[in-house]
Amino acid sequence: ASKGVYYRLVDGENSKAKETLFLSGSNRYSHIPQSIFEKIPGSPIAYWVSEKVMEVFRGELIKDISKPRAGLATGDNSIFQRFWHEISLRKIGFNFSDVHETINSEFKWYPCNSGGFLRKWSTADTIVVNWYNNGKEIKNFRNKNGKLASRPQNTQYYFKKGLTWNKISSSNFAVQYKKEGFIYDDTSRSAFIDNENNIYYVLGLLCSNVAFRFLEIFNPTMSFTNGDIERIPYIFTENKLSSIDKIVKSNISISKTDWDSRETSWDFEVNPLVAQQATSIEEAYRLWCEAVTKDFFTLHKNEEELNRIFIDIYGLQDELTPDVALRDITILQEEIKNDDLDDIEPAFRAGSNEKVALPIQRKVVAAQLVSYLVGVAMGRYRLDKPGLHIAHPAPTPEETASYSFNGGTFQMEEDAVLLLMAEDCGFADNTLVRVKELLTLIWGEEQLIPTLNFLHDALGKSLEDYLRDDFWPEHVRRYQKRPIYWLFSSGKRKPAFQVITYMHRMNRHTVEIIRSRYLLRYIGTLESRVASLKARDVELNNQERRLLEKLERDLYECREYEMKLKTIADKQIEFDLDDGVKVNYAKFGDVVRKI
């Protein structure tokens, strides 16, 4: 058989580095017979693979115990998919186990695994799909040429439990446990294990660096297909099943707890700082940090232990180490930057039993709290009950009624409108006022100043400035450009007037409420202040003259905006949440801030 000489230069970051590697000869592989490629399924040109790895391929493969399946291709996701927060929660069908159960079901939307960001162990669920009446609309969807455009394949596996992963990955491979009750689309491939008792074993294998080593052989470009997954060697060791199951279940639990601590999860219950039930925000933050640090390092320890177990099972001790970089732990991805984890990696490796503090960004944690409190003010959440409260149109008087908490009483916004303006704007239902009210209810009157100081320090600016300038851009990012609080604003930069309203509680009168109850009153306030300063025109100092000029500009801007707002208010716009934020938001033209 013919033999070849190969140089493996993939580790070179640029052409110069690759040239150096080539000239050094350190990555030279000589006398490689072409026949060895045939020993690996798919015959990849994997000249660097050791004889030990070759041996592993002589046994079973993943395809022998599980068939990865392609999922639903809707033909047009903009029509058939939504983020779950865009629509009424009451239209989502949870916990279904078979497509036939959806025939004549009252629910239009169903949870759908759909791509997403790199995450191991548990899914980060954000997408729902229109599978009304067993997907009747999708099945009959045609393109402009009249041809069927959808491909609802493998429907017998919809709603079944299994494993799922992203179709395309740029740097790593992350598999998640797929609960019952989910459809899966073509960007989120899934596998269904023949023997369900082994599902955690297979998940542990696929999340290990052993599986990743095989995937590197099949596809060095890191774009993994079903065929790549099927070719991973599968060695089942009965006496390791119990310990692997225990570790994997722990990892799934830690990962799901992390996801559900975010309001973008439909299983979110309460902001984690509020959940601590501490006597101060400082104490709440400390307790939360302790809890998530424990989870992070438990997950890290578990992943290294799984690597150790599978390296032993596959006999690859000379090929791999069980080490997992801190940056590869896929929880706290919002709160911690990968570069910051890289910075503490050496200290962590050198410290053995010494505790290393996680580089958590307090600003992110503080912003999450503020977002939750705005949600409480809007009625999306309640302090006295966990989970979503109002996530549907036309709430009843009972749902919007006041309630007791911590010895006090709270009344959510009656009209679901909050001003994002300075504290001295003259309105009691300014967002800042309502958030302060909630902070007082949670941690007490005597803690309000320390709480505001904590938030100022964490956010890098006062709560007033954060709410006015940063809250909504951050909200748009958090909700992936499909905001649930809509910003009505008189200008693009430093607007004179701006309010947010809660999409789920809007109706055809909302814009008129904003105009008459808020904007016209504010115009009246501005007119009074301008008149008062003009009456003292002769004695105004330079600072007062600058203030007068600003107030006059603001007044002009608000009057112009009032005319625009009246045009929209007169239309009494109503919309269907099923159409999604992008379509519905556009109906309000330029009286809302561009997303």
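Look above for the structure.
The following refers to the structure shown. Just so it is clear, the structure is predicted and the values come from calculations on it, not from any experiment.

**Let's talk about the overall build of the protein**
Step number 1: Summing up its helical and strand segments, the protein has 19 helices and 18 strands in all.
Step number 2: Split into buried and exposed, the 595 residues of the protein put 53% on the buried side.
Step number 3: When contacts within the protein are restricted to residue pairs at least 6 apart in sequence, those whose partners lie at least 24 apart make up 68%.
Step number 4: Carbon together with sulfur atoms contributes 48% to the accessible area of the protein, which is approximately 27,600 Å² in total.

**Description of the packing of aromatic side chains**
Step number 1: Counted under the stated rule, the structure contains 37 aromatic pairs.
Step number 2: Of the aromatic side chains, those joined through ring pairs into one cluster are Trp-131, Tyr-157, Tyr-158, Tyr-184 and Phe-192.
Step number 3: Of note, Arg-362 hangs over the ring of Phe-454, and the distance from its end group to the ring centre comes to 4.9 Å.
Step number 4: Taking NZ or CZ as reference, Arg-382 lies 4.2 Å from the ring centre of Tyr-403, over its face.

**Focus: the pattern of salt bridges**
Step number 1: Taken as a whole and judged by the stated rule, the model has 48 salt bridges.
Step number 2: Here Asp-537 and Arg-545 are joined by a salt bridge, their closest N and O atoms 3.3 Å apart.
Step number 3: Owing to a relative accessible area of 37%, Asp-537 belongs among the partly exposed residues under this scheme.
Step number 4: Salt bridges here are not isolated pairs; linked through shared partners, they connect Arg-119, Asp-258, Arg-262, Glu-334 and Glu-335.

**Description of the packing of helix α17 (residues 510-535) against helix α18 (residues 542-571)**
Step number 1: Contact geometry for α17 and α18: axes closest at 9 Å, N-to-C directions at 155°. Relative to α18, the element α17 is oriented roughly antiparallel. You can see that α17 and α18 cross each other, and the crossing is left-handed.
Step number 2: Considered class by class, the residues forming the contact of α17 with α18 number 18 nonpolar, no polar and 11 charged.

**Remarks on the side chain of Lys-178**
Step number 1: Checked against the element boundaries, Lys-178 lands in strand β9 (residues 175-178).
Step number 2: For the buried residue Lys-178, which engages in no salt bridge, the nearest side chain bearing the opposite charge is Asp-125, 8.5 Å off.
Step number 3: A distance of 3.2 Å separates a polar atom in the side chain of Lys-178 from the backbone oxygen of Phe-182.
Step number 4: Apart from the residues within four sequence positions on either side, Lys-178 is in contact with Asn-113, Lys-160, Lys-161, Gly-162, Leu-163, Thr-164, Ile-183, Tyr-184, Ser-190 and Phe-192.

**Re the pairing of strand β18 (residues 498-502)**
Step number 1: Here β18 lies mainly inside the structure; 5 of its 5 residues are buried.
Step number 2: Every second residue of β18 is oriented toward a common face, with Gln-498, Ile-500 and Tyr-502 on one face and Val-499 and Thr-501 on the other, all of them buried.
Step number 3: The pairing of strand β16 (residues 417-419) with β18 spans 3 bridges and is classified as antiparallel. Residue pairing for β18: Leu-419 is matched across the bridge by Val-499.
Step number 4: Bridge count between strand β17 (residues 485-489) and β18: 5 bridges; the pairing is antiparallel. Counterpart to Ser-489 in the pairing with β18 is Gln-498.

**Description of unusual backbone geometry**
Step number 1: Of note in this structure, Asn-95 is not a glycine but carries a positive phi near 65°.
Step number 2: Within the secondary structure, Asn-95 is located in the loop between β4 (81-83) and β5 (109-113).
Step number 3: In this structure, Gln-277 is a non-glycine residue whose phi angle is positive, near 50°.
Step number 4: Mapped onto the elements, Gln-277 comes out in the loop between α9 (272-275) and α10 (281-314).
Step number 5: Of the residues examined, Gln-277 reaches a relative accessible area of 73% and is grouped as exposed.

**Some remarks on helix α8 (residues 241-260)**
Helical geometry: 3.6 residues make up each α-helical turn, so side chains three or four residues apart lie on a common side.
Step number 1: With 20 residues, α8 ought to run about 28 Å at 1.5 Å a step, and its terminal C-alpha atoms sit 28 Å apart, in line with that.
Step number 2: Restricting attention to buried positions, one finds in α8 the residues Leu-241, Ile-244, Asp-245, Ile-247, Val-248, Asn-251, Ile-252, Ile-254, Ser-255, Asp-258, Trp-259 and Asp-260.
Step number 3: For α8, the secondary structure elements touched by its buried residues are β6 (121-122), β9, α5 (199-206) and α10.

**A look at the sheet that holds β16**
Step number 1: Taken in spatial order, the 3 strands of this open sheet run β16-β18-β17, and their pairing is antiparallel. A single partner strand is all that each edge strand has here, and the edge strands are β16 and β17. Across the sheet, the mean angle from the axis of one strand to that of its neighbour is 25°, orientation sign disregarded.
Step number 2: The strands touched by helix α16 (residues 463-478) are β17 and β18; relative to β17, the strand with the most contacts, the crossing angle is about 135°.

What counts and what doesn't
- Residues numbered from 1 in each chain as written.
- Predicted model: local features only at pLDDT ≥ 70, side-chain atom pairs only at ≥ 80, totals over all residues.
- Heavy atoms only, no water.
- Helix = DSSP H or I, 4+ residues; strand = E, 2+ residues; numbered from the N terminus.
- Buried < 20%, exposed > 50% of the residue type's maximum accessible area, 1.4 Å probe, protein only.
- Contact = heavy atoms within 4.5 Å.
- Areas by Shrake-Rupley, 256 points an atom, 1.4 Å probe, with all protein chains shown as cover.
- Phe/Tyr/Trp six-rings, centres within 6.5 Å; stacked < 30°, edge-to-face > 60°.
- Lys NZ or Arg CZ within 6 Å of the ring centre and 35° of its normal.
- Salt bridge = Lys/Arg side-chain N within 4 Å of Asp/Glu carboxyl O.
- Axes fitted to C-alpha atoms, helices over the stretch in contact; angles between N-to-C directions.
- Parallel < 35°, antiparallel > 145°, perpendicular 65-115°, else oblique.
- Left-handed = near helix turned anticlockwise from the far one by under 90°.
- Nonpolar A, V, L, I, M, F, W, Y, C, P; charged D, E, K, R; others polar.
- Lys, Arg positive; Asp, Glu negative; His and termini not counted.
- Polar contact = N/O pair within 3.5 Å; in protein donor to acceptor, adjacent residues only side chain to side chain.
- Pairing = 2+ DSSP bridges.
- Expected span 1.5 Å × (residues − 1).

The values are spatial; any link to function lies outside them.
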